Amino acid sequence: MPLRDLFVNNAAWAEEMTRDDPAFFSALADQQTPRYLWIGCADSRVPANEIVGLRPGELFVHRNVANVVVHSDLNFLSVLQYAVEVLKVEHIMVTGHYGCGGVRASMQNEQYGLIDNWLRHIRDVYYRHQSDLDDIEDEDLRVDRMCELNVVEQMANVCHTSIVQAAWSRGQKMWVHGLIYSIKDGLLHTVCSSINGPDKMPRPYRVTR
Ligand code: CO
């Protein structure tokens, strides 16, 4: 059986969790009450729950290539709406990672196929910051800086969604954070100040009901 090892691992894991806490799975089956929404890269080296030491049920997760937040992405918007309006998460964490292949590709002039259309959102960010970025001689450092700028951009995109703004105008307490993860040492860092209301957003992006 091709996935034999994984089924063996799974059975061992389920047994260990149950030994730890006999009511664990029955409690999870009733409901999930995560306080956090993680928006991260699909990169296999960035396992959301593990990095922040949270168990199943504690972190609601959305991942895509290069942690991009696109206003017409129904997949992302559905996750966000459910997290904000039903689960009522208190923290939305936009989490990039250094050395991101998607970010690197968006800074190059090579075609990769369909994914170029997705990465185009990041290419626009690169274009806006190009002069600052081009001052950084080392390519890896340049990509890493771009990874940080991408987090700031996607964090702003989260704040600009009608879903987040409607929640804030209802008085719902919710923070949006910009974070970045280093694959080299496993540490998470803050990229910029967190936002908990519309006052820091440029006026044209503010919408109320
Ligand atoms: Co990545």
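How each quantity is defined
- Residues numbered from 1 in each chain as written.
- Predicted model: local features only at pLDDT ≥ 70, side-chain atom pairs only at ≥ 80, totals over all residues.
- Heavy atoms only, no water.
- Donors = N, O, S within 2.8 Å, 3.2 Å for Na, K, Ca; no water.
- Helix = DSSP H or I, 4+ residues; strand = E, 2+ residues; numbered from the N terminus.
- Expected span 1.5 Å × (residues − 1).
- Buried < 20%, exposed > 50% of the residue type's maximum accessible area, 1.4 Å probe, protein only.
- Arc of directions from axis to C-beta.
- Contact = heavy atoms within 4.5 Å.
- Polar contact = N/O pair within 3.5 Å; in protein donor to acceptor, adjacent residues only side chain to side chain.
- Phe/Tyr/Trp six-rings, centres within 6.5 Å; stacked < 30°, edge-to-face > 60°.

All right, on to the coordination of the cobalt ion then. Ligation of the cobalt ion by protein atoms is provided by Cys 41 (SG), His 97 (NE2) and Cys 100 (SG), these donors lying 2.0 to 2.3 Å from the ion. Counting gaps between the donor residues of the cobalt ion yields the pattern C-x55-H-x2-C.

Before going further, it helps to examine helix 4 (residues 74-86). In a regular helix each residue adds 1.5 Å, so 13 residues correspond to 18 Å; helix 4 covers 17 Å between its end C-alpha atoms and thus fits that length. Residues of helix 4 that are buried include every one of Phe 76, Leu 77, Val 79, Leu 80, Ala 83 and Val 84, and no others. Buried residues of helix 4, seen end-on, are gathered within an arc of 160 degrees and therefore sit on one face of the element. Facing away from the buried side of helix 4, by more than 90 degrees, are the exposed residues Leu 74, Asn 75 and Val 86. Contacts made by the buried residues of helix 4 are with strand 1 (36-41), strand 2 (59-64), strand 3 (91-97), helix 8 (139-160) and helix 9 (162-169). Two or three places before Asn 75, at the start of helix 4, stands the capping residue Asp 73, its side-chain oxygen 3.1 Å from that residue's backbone nitrogen. Among the residues trailing helix 4, Lys 88 stands out with phi positive, at a value near 55 degrees.

Now for unusual backbone geometry. Here Ala 66, not a glycine, exhibits a phi torsion of approximately 70 degrees, which is positive. Within the secondary structure, Ala 66 is located in the loop between strand 2 and helix 4. On the basis of relative accessible area, Ala 66 is assigned to the buried category, the value being 0%. Of note, the phi angle at Lys 88 is positive, near 55 degrees, even though the residue is not glycine. Locating Lys 88 in the fold gives a position in the loop between helix 4 and strand 3. Residue classification places Lys 88 among the partly exposed residues on the basis of a relative accessible area of 48%.

The subject of this paragraph is the packing of aromatic side chains. This structure, assessed with the given rule, holds three aromatic pairs. Seen in terms of ring centroids, Trp 13 and Phe 25 are 5.6 Å apart; in terms of plane orientation they differ by 75 degrees. Their pairing is edge-to-face. On the criterion of sequence distance, the pair formed by Trp 13 in helix 1 (residues 4-20) and Phe 25 in helix 2 (residues 24-30) is long-range, its members being twelve residues apart. Overall, Trp 13 belongs to the partly exposed group, its relative accessible area being 37%. We classify Phe 25 as partly exposed; its relative accessible area is 31%. Between Phe 60 and Tyr 82 the ring centres are 5.8 Å apart and the planes differ by 40 degrees, which places this aromatic pair in the tilted class. Within this pair, whereas Phe 60 is found in strand 2, its partner Tyr 82 is found in helix 4, the two being separated by 22 residues in sequence. When its relative accessible area of 17% is taken as the criterion, Phe 60 is described as buried.

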